[in-house]
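Listed below, chain by chain, are the residues.
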Amino acid sequence: MSGILSAIKLREAGFDDFTIYEKADRLGGTWRENIYPGISCDVPSHLYSYSFEPNPEWSHRFSPGSEIQAYFEGVARRHGVTPRIRFGAEITSAAFSAGRWQLETKSGDHDEVDVVIAATGVLHHPNMPAIEGLSRFGGALFHSARWDHTAQLDGRRIGIVGTGSTAVQIVSAIVDRVARLSLFQRTAQWIMPQENPAYSAEKQAEFRRRPELLEELHADTARLFAAFSNGLVDANSPQMKMIEEACRANLEQNVRDPLLLEKLRPNYRAACKRLVMSCDFYQAIQKPNAEVVTAGIERIEVEGVRTRDGRLHELDLLVLATGFRVDRFMRPMQVVGRDGLRLDTVWAQRPSAYLSISIPGFPNLFMLNGPNGPVGNFSLIEVAELQMGYVLRLVELLREGHCREISPSEDATQRFEAERTEAARHTIWGSGCRSWYLDDRGVPMSWPFTFDRFREEMAAPKIEAYQLA
Ligand code: NAP
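Residues numbered from 1 in each chain as written. Predicted model: local features only at pLDDT ≥ 70, side-chain atom pairs only at ≥ 80, totals over all residues. Heavy atoms only, no water.

**Topic: the packing of aromatic side chains**
For the structure on display, the rule yields 21 aromatic pairs. Between the aromatic rings of F329 and W347, the centroid separation amounts to 6.0 Å while the plane-to-plane angle is 70°, which identifies the pairing as edge-to-face. You can see F329 sitting in the loop between β16 (317–320) and β17 (334–336) and its partner W347 sitting in the loop between α10 (343–346) and β18 (365–367), a full 18 residues away along the chain. With a relative accessible area of 7%, F329 lands in the buried category. (Phe/Tyr/Trp six-rings, centres within 6.5 Å; stacked < 30°, edge-to-face > 60°. Helix = DSSP H or I, 4+ residues; strand = E, 2+ residues; numbered from the N terminus. Buried < 20%, exposed > 50% of the residue type's maximum accessible area, 1.4 Å probe, protein only.)

**A closer look at the site of the ligand**
Around the ligand, the structure places 23 residues, and the nearest of them are T166, T187, K273, R274 and W436. Within the contact set of the ligand, an oxygen atom lies 2.5 Å away from a side-chain nitrogen or oxygen of K273. W436 is positioned with one of its side-chain polar atoms (N or O) 2.8 Å from an oxygen atom of the ligand. Protein chains shield 87% of the accessible area of the ligand, which is 900 Å² for the free molecule. Per-element accounting of the shell around the ligand gives the leading share, three residues, to helix α4 (residues 165–174). Class assignment for the residues of the shell around the ligand results in eight nonpolar, ten polar and five charged. (Near = heavy atom within 4 Å. Polar contact = N/O pair within 3.5 Å; in protein donor to acceptor, adjacent residues only side chain to side chain. Areas by Shrake-Rupley, 256 points an atom, 1.4 Å probe, with all protein chains shown as cover. Nonpolar A, V, L, I, M, F, W, Y, C, P; charged D, E, K, R; others polar.)

**Observations regarding the sheet that holds strand β4 (residues 100–105)**
If you trace the four strands from one edge of the open sheet to the other, you get β5-β4-β3-β17, paired in mixed fashion. Two strands lie at the open edges of the sheet, namely β5 (110–113) and β17, each paired on one side alone. Recorded for the sheet is a direction-independent mean angle of 15° between the axes of neighbouring strands. The pairing of β4 with β5 spans four bridges and is classified as antiparallel. Counterpart to W101 in the pairing with β5 is V113. (Pairing = 2+ DSSP bridges. Axes fitted to C-alpha atoms, helices over the stretch in contact; angles between N-to-C directions.)

**What about unusual backbone geometry?**
Here the bond from R331 into P332 is cis, since omega is 20°, no more than 30 degrees from zero. The backbone of A271 shows a phi angle near 75°, a positive value even though the residue is not glycine. Inspection of the secondary structure assignment puts A271 in the loop between α8 (258–264) and β11 (276–277). One non-glycine residue, F329, lies in positive phi territory at about 50°.

**Brief notes about the sheet that holds β16**
The five strands lie next to each other as β7-β16-β8-β9-β12, forming an open sheet whose pairing is parallel. Looking at strand neighbours, the two that pair on one side only are β7 (140–143) and β12 (290–293), the edges of this open sheet. Between one strand and the next, the sheet's axes are offset by a mean angle of 15°, whatever the strand orientation. Inspection of the sheet shows strand β8 (residues 157–161) paired to strand β9 (residues 180–184) by five bridges, in the parallel sense. Following the sheet pairing, I158 is matched in β9 by L181. Against the sheet, α4 touches β8, β9 and β16, its axis set at about 165° to β8. (Contact = heavy atoms within 4.5 Å.)

**Topic: the nonpolar core**
Counting residues in hydrophobic clusters, the biggest one holds 109 residues, and the most contacted among them are I4, Y50, F72, I160, L264, L275 and F281. The greatest single-element share of this core, amounting to eleven residues, is contributed by helix α11 (residues 380–399). Aside from chain neighbours lying at most four places away, what touches I160 is A167, I170, V171, I174, L181, S182, L183, F184, L318, V319 and A321. In this structure, F96, A118, A353 and F362 belong to the second largest nonpolar core, which totals 20 residues. (Core = buried A, V, L, I, M, F, W, Y, C linked by side-chain atoms within 4.5 Å.)

**Quick look at the packing of helix α6 (residues 211–232) against helix α13 (residues 451–459)**
Relative orientation of the contacting elements α6 and α13 amounts to 110°, with a least axis distance of 8 Å. Comparing the axis directions of α6 and α13 gives the class roughly perpendicular. Facing α6, whose interface residues are A226, S229 and N230, α13 presents F451, D452 and R455. Partitioned by chemical class, the residues of the contact of α6 with α13 number two nonpolar, two polar and two charged. (Parallel < 35°, antiparallel > 145°, perpendicular 65-115°, else oblique.)

**Remarks on helix α7 (residues 238–254)**
The terminal C-alpha atoms of α7, which comprises 17 residues, lie 24 Å apart, in line with the 24 Å expected from a rise of 1.5 Å per residue. Among the residues of α7, those classed as buried are M240, I243, E244, C247, N250 and L251. On an axial view of α7, the arc spanned by its buried residues comes to 130°, and they lie on one face. Structural note: α7 exposes P238, M242 and Q253 on the side pointing more than 90 degrees away from its buried face. On its buried side, α7 packs onto β10 (191–192), α6, α8 and α9 (281–285). (Expected span 1.5 Å × (residues − 1). Arc of directions from axis to C-beta.)

**What to know about the side chain of T307**
Along the chain, the position of T307 falls in strand β14 (residues 304–307). On the basis of relative accessibility, which here comes to 1%, the residue T307 falls in the buried class. Reaching out from T307, the side chain makes a polar contact with the side chain of H313 at a distance of 3.0 Å. If we ignore the near neighbours within four places in the chain, the residues touching T307 are F184, V293, A295, G296, I297, E298 and H313.

**Points about the environment of V326**
Topologically, V326 is positioned in the loop between β16 and β17. Accessibility expressed as a relative area gives 10% for V326, which makes it buried. In sequence terms V326 and V122 are 204 residues apart; their C-alpha atoms lie 6.0 Å from each other. Once residues lying within four places of it in the same chain are set aside, the contact partners of V326 are V122, L123, W436 and M445.

**Considerations on the pattern of salt bridges**
Tallied over the full model, the rule gives 43 salt bridges. The partner of R208 in a salt bridge is E57, with the nearest N and O atoms 2.9 Å apart. Of this pair, R208 sits in helix α5 (residues 201–209) while E57 sits in the loop between α2 (30–33) and α3 (65–78), placing them 151 residues apart in sequence. On the accessibility criterion, R208 (45% relative accessible area) is partly exposed. In this structure E57 comes out as partly exposed when scored by relative accessible area, which is 37%. For the salt bridge of E291 with R311, the shortest nitrogen-to-oxygen distance reads 2.9 Å. (Salt bridge = Lys/Arg side-chain N within 4 Å of Asp/Glu carboxyl O.)

See below:
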């Protein structure tokens, strides 16, 4: 998503000498890799679109992953981006030497470039849980982001580990096909009820005829989501109270069995973990062939999952919907900055960056959706568009000859990080739960200020925060 965006925006700004390196043989990032049953985006499709590429054809308010993949492929084709992608070219190292970046691919090809934009994604590297016996399992077993569609579901006994957005979507999608579904829950999740109506053919035709309607829809939804994310950064905001109420009512009104209801009731505040959106999870999990298993996983055996209460849950297929290693970003790429400074050293404890975009000592390297940027239930496309506008302002300084190297100062980065860390403790993500938002210290790794402030920061770089060489 952000690589395609970079190419389009670079060209618009008059930069035509660029290459996109893609490790896979197809574009699409998360939408190429996550093809599990039920995958859709829980950000409304008319917001989860480039602002300059509204799409009248979205089938639903929250469209399925395959449509999103097709959308990105279409945008890349229409903008002439696809021929600029070098597929099957995984960058293994990027080293800054004599004022330029030396790139090397896995197959040993070299390139030398002035500027690197890391559009490498966040939720990317599967988190394989450290559960004993995974390799002993006799049935099929895979991570949700490595779905094997040759594995049979119909009439089989399926286990799912995890209760995040991914697991919830899979449960709703497959429960009616399988003989038995066991959901291994370590922590209950708050579920925000979200209807997912289809757009009628008439509505789509109207969108085609009147593109201004799409623009309005995009702008209105963006405003709504900005208000929502402004609420997240203040744990005591009225928005948080409303969300909590909606989630509690959803649980209490839709789960009949009081024992199950208590199993599904989280013991932390709504939206502390990333809010899960679903209109049918509670219905799905109450089907007679479904079970929420809370006993805790002891180990995996040949026949299935042994829980701590001694019970063996016999399974044909086990899906690990256990999330991602969110501290990786462009790694395992070896990134070496000025004077041999290694990114692995700088990020040894945790990833950090000035305004989520650039790192002291790593000149002319810019990240889209990098560390501690806005994450949450809103459009990462909008975030990347704002960031790309900012990056272009910096690249412009290089083009105009103001400097040959640009990187944030250590001082500005430390000040930003201190302010960010302090603010992060007061957000809803820091209100007391375990989640992928938290770093090794338990501090939320996200943009803790309002979305309005993010927009303001991205509007123009503060040059005094940078070292221009
Ligand atoms: P996730 O939110 O990180 O959830 C991982 C789940 O696995 C959690 O329930 C976690 O339990 C459980 N888990 C991890 N290790 C475990 C272990 N060793 N034993 C037992 N349980 C374990 O991952 P995700 O559901 O793949 O979602 C990741 C992110 O992707 C989401 O937060 C969202 O940002 C994005 N996403 C978005 C959509 C969408 O519609 N837009 C859909 C899917 C995913 P604990 O809670 O106890 O840690």
